[in-house]
Amino acid sequence: MEIDATSELGNEDVASWVGLYGSELYAYAYRRIRSVENAEDVVQETFFAALKNVSSFRGESTPRTWLYTILRSKIIDFVRKAQRIEVSEHSSDDLDNLLFDDKGHWRSLAAPTSWQSPNTADPTESGFQDYINSCLAKLKPIPRTLLIMTYLDEVPAEEIRKEHEISASNYWVLLHRARHAMRLCIERQLAKEKESPL
Amino acid sequence: MISCQHATELMTTRELRPLTLFEMISLRMHTAICSACSTFEKQIASIKSAIMNEPDSVPGSEFINALERAIKERRL
Ligand SMILES: [Zn+2]
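Residues numbered from 1 in each chain as written. Chains lettered and ligands numbered in written order. Predicted model: local features only at pLDDT ≥ 70, side-chain atom pairs only at ≥ 80, totals over all residues. Heavy atoms only, no water.

A short note on the environment of A:Arg32
Residues and elements named next belong to chain A. Here is the rule: Every helix listed is a DSSP run of H or I at least four residues long, and every strand listed is a run of E at least two residues long, numbered separately from the N terminus. Here the term buried applies to any residue with accessible area under 20% of the maximum for its type, exposed to any over 50%, and partly exposed to those in between, with areas from a 1.4 Å probe on protein chains only.
Within the fold, arginine 32 resides in helix 1 (residues 11–33). A relative accessible area of 6% places arginine 32 in the buried class. Remark: the alpha-carbon pair of arginine 32 and threonine 145, spanning 113 residues in sequence, is separated by 6.3 Å.

Spelled out as structure tokens, the structure:
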């Protein structure tokens with residue numbers, strides 16, 4: 001979209017950007033936050049911020065690029081405002097005890113066994129995707145967003161880590177716990193499915 | 001021979017930095033003979049790819065329409 005730098009931008013322009021870019025910005029936010037309500041909130045805040053600052057937008061970048069910049073900072077704000085979590089250097093002890101014996105071998109009940117359910121054969125299949133989303137929803141906001149952003153290989157994961165003054169080693173702990181927690185959660189969902197077939 | 005616990009830790013470390021040659025060999029030797037850890041590795045990978053490949057979600061049309069209206073009416 002061409003912007004005439006000499007003309008004043010106003011409500012109508014920003015409103016038209018909602019129509020043009022609202023859906024993709026929402027998809028971007030949802031992919032990272034995995035909550036409809038929260039994704040709607042950050043997109044709304046993004047457009048309100050854009051409206052407020054539209055006079056400083058000089059068309060040096062495209063509106064789309066500019067909106068993405070605002071959205072990314074709103075996502076970081078969202079995680080910052082989300083419930084602060086305490087992470088001690090030893091917080092993975094409980095999980096480790098649940099999973100492993102003193103020698104670091106899997107405890108017999110915790111050892112991963114192959115997932116037989118047909119749903120897991122193809123990770124893109126909707127049943128598996130539903131489990132992923134319901135298990136992600138059970139994680140706390142910071143580990144969830146860190147996990148997703150680490151997987152999407154994005155800079156904000158590092159920014160969020162620094163914002164929260166999470167040390168590199170605590171970041172590792174959060175990620176490690178989130179990975180184990182997700183796997184356990186999926187396994188439990190699959191076991192439930194086995195118990196009560198439709 | 002590294003423990004199963006250590007093997008899963010190296011898999012997490014691998015997400016954040018490349019493993020050293022020694023770490024890489026230790027991990028490969030472990031997963032080659034430990035079926036629990038090689039299963040774990042596959043399951044973690046399928047979770048990762050599901051998280052990465054989740055199809056784009058579409059916002060509710062009411063949401064976009066309401067936001068468009070709100071922006072039009074909002075005073076600068
Ligand atoms: Zn093992």
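Points about the nonpolar core
Here is a general trend for soluble globular proteins: nonpolar side chains tend to be buried in one another's company. Heads up, the condition is: Take the buried Ala, Val, Leu, Ile, Met, Phe, Trp, Tyr and Cys residues and link them wherever side-chain atoms come within 4.5 Å; each set so joined is a nonpolar core. An automatic or database domain assignment supplies the residue ranges for each domain. Throughout, a contact is declared for two residues whenever any of their heavy atoms are within 4.5 Å.
Formed by 40 residues in total, the largest nonpolar core has its most connected members in A:Trp17, A:Val43, A:Phe47, A:Leu71, A:Ile75, B:Leu67 and B:Ile71. Residue assignment for this core shows that the elements contributing at least two residues are helix 1, helix 2 (36–52), helix 3 (63–81), helix 6 (141–151) and helix 8 (168–195) of chain A together with helix 4 (61–73) of chain B. No other element matches helix 1 of chain A, which puts 11 residues into this core. Both domains that furnish three or more residues to this core are identified here as domain 1 (11–82) and domain 2 (89–195) of chain A. Discounting chain neighbours no more than four positions away, the residues touching A:Val43 are A:Gly22, A:Leu25, A:Tyr26, A:Ala29, A:Leu71, B:Phe63 and B:Leu67.

Some remarks on the packing of aromatic side chains
Selection criterion: Planes of paired rings set the category: under 30 degrees apart is stacked, over 60 is edge-to-face and the rest tilted, where pairs are Phe, Tyr or Trp rings (Trp by its six-membered ring) whose centres lie within 6.5 Å. Placement of a charge over a ring requires the Lys NZ or Arg CZ to be within 6 Å of the ring centre, with the centre-to-atom vector within 35 degrees of the ring normal.
Counted under the stated rule, the structure contains nine aromatic pairs over all chains. Relative to A:Trp106, the ring of A:Phe100 has its centre 4.6 Å away and its plane inclined at 40 degrees; by these criteria the two rings are tilted. In terms of burial, A:Phe100 and A:Trp106 fall into one category: buried. Taken together, the ring pairs in this structure connect A:Trp17, A:Phe57 and A:Trp66 into an aromatic cluster. Note that A:Arg32 overlies the ring of A:Tyr28, its terminal NZ or CZ placed 3.5 Å from the centroid. Directly above the aromatic system of A:Phe48 lies the positively charged group of B:Arg74, at a separation of 3.8 Å from the ring centroid.

Quick word on the coordination of the zinc ion
All names here are of chain B. Threshold: Distances define the donors: N, O and S atoms within 2.8 Å of the metal qualify, as do those within 3.2 Å of Na, K or Ca. Water is excluded, so some sites may look unfinished. In these descriptions, tetrahedral denotes four donors with every angle between 85 and 135 degrees, square planar four donors and octahedral six donors with opposite donors over 155 degrees apart and the rest between 65 and 115, and irregular any other case.
Taken together, the protein ligands of the zinc ion are Cys4 (SG), His30 (NE2), Cys34 (SG) and Cys37 (SG), with distances of 2.0 to 2.4 Å. Every donor counted, the four donor atoms about the zinc ion form angles of 102 to 113 degrees at the centre, which fits tetrahedral coordination. Between consecutive donors of the zinc ion, the numbers of intervening residues give the motif C-x25-H-x3-C-x2-C. Of this pair, cysteine 4 sits in helix 1 (residues 4–16) while cysteine 37 sits in helix 3 (residues 35–52); the two residues are 33 residues apart in sequence, bridging distant segments of the chain. Like cysteine 37, cysteine 4 is buried.

Comments concerning helix 3 of chain A
The condition that has to hold: To estimate the expected span of a helix, count its residues, drop one, and scale the result by 1.5 Å.
Across its 19 residues, helix 3 of chain A extends 27 Å between first and last C-alpha, which sits within 8% of the 27 Å expected from 1.5 Å per residue. Here helix 3 of chain A has its buried residues at A:Pro63, A:Trp66, A:Leu67, A:Tyr68, A:Ile70, A:Leu71, A:Lys74, A:Ile75, A:Ile76, A:Phe78 and A:Val79.

Observations concerning a nonpolar patch on the surface
All names here are of chain B. Under the convention used in this document: Patch members must show over 30% relative accessible area and no salt bridge, and they are joined within 9 Å when carrying like charges or within 5 Å when they are nonpolar side chains of Val, Leu, Ile, Met, Phe, Trp or Tyr. Computed with the Shrake-Rupley method and a 1.4 Å probe, the accessible areas treat only the protein chains shown as cover for residues. Counted as salt bridges are all cases of a side-chain nitrogen of Lys or Arg within 4 Å of a carboxyl oxygen of Asp or Glu.
A surface patch of nonpolar side chains, about 330 Å² in accessible area, is lined by Leu21, Ile25 and Met29. Here leucine 21 is to be found in helix 2 (residues 21–33). Relative accessible area serves as the criterion here: at 61%, leucine 21 is assigned to the exposed category.

Some words on the packing of helix 2 of chain A against helix 3 of chain A
Residue and element names in this part refer to chain A. Put simply, the rule reads: Note on geometry: axes are C-alpha line fits, over the in-contact stretch for helices, and angles between N-to-C directions span 0 to 180 degrees. Reported orientations rely on four angle classes, namely roughly parallel under 35 degrees, roughly antiparallel over 145, roughly perpendicular from 65 to 115, and oblique for the rest. Crossings are classed by handedness, with left-handed meaning an anticlockwise turn of the near helix from the far one by less than a right angle and right-handed meaning a clockwise turn. For this classification, Asp, Glu, Lys and Arg are treated as charged, while Ala, Val, Leu, Ile, Met, Phe, Trp, Tyr, Cys and Pro are nonpolar and the rest, including Gly, are polar.
Between helix 2 and helix 3, the least distance of the axes is 9 Å, while the angle of their chain directions is 130 degrees. Considered as vectors, helix 2 and helix 3 are oriented oblique to each other. For the pair helix 2 and helix 3, the sense of crossing is right-handed. Two secondary-structure elements touch here, helix 2 through Asn38, Val42, Val43, Glu45, Thr46, Phe47, Ala49 and Ala50 and helix 3 through Trp66, Leu67, Ile70, Leu71, Lys74, Ile75, Phe78 and Lys81. Its residues placed into classes, the contact of helix 2 with helix 3 shows 11 nonpolar, two polar and three charged.

Things to note about the interface of chain A and chain B
The test is simple: Two parts placed together each lose some accessible area; with a 1.4 Å probe, that loss summed over both constitutes the buried area. Whenever two N or O atoms come within 3.5 Å, that pair is a polar contact, provided that in protein one can donate a hydrogen and the other can accept it, and provided that, for residues adjacent in sequence, both atoms are side-chain atoms.
Each partner contributes to the interface: chain A provides 54 residues, whereas chain B provides 40 residues. Summed over both partners, the interface of chain A with chain B comes to about 4300 Å²; 68% of that surface belongs to carbon and sulfur atoms. Of all residues in chain A, the largest losses of buried area upon contact with chain B belong to A:Tyr151, A:Trp172 and A:Arg179, amounting jointly to 17% of the total for that side. In this structure, the connection of chain A to chain B is made through one salt bridge. Here B:Glu15 makes a salt bridge to A:Arg179, at a shortest N to O gap of 3.4 Å. Applying the counting rule to chain A against chain B returns 16 residue pairs in polar contact (both at pLDDT 80 or more). Elements that contribute at least two residues to the side of chain A that touches chain B include exactly helix 1, helix 2, helix 5 (126–138), helix 6 and helix 8 of chain A.

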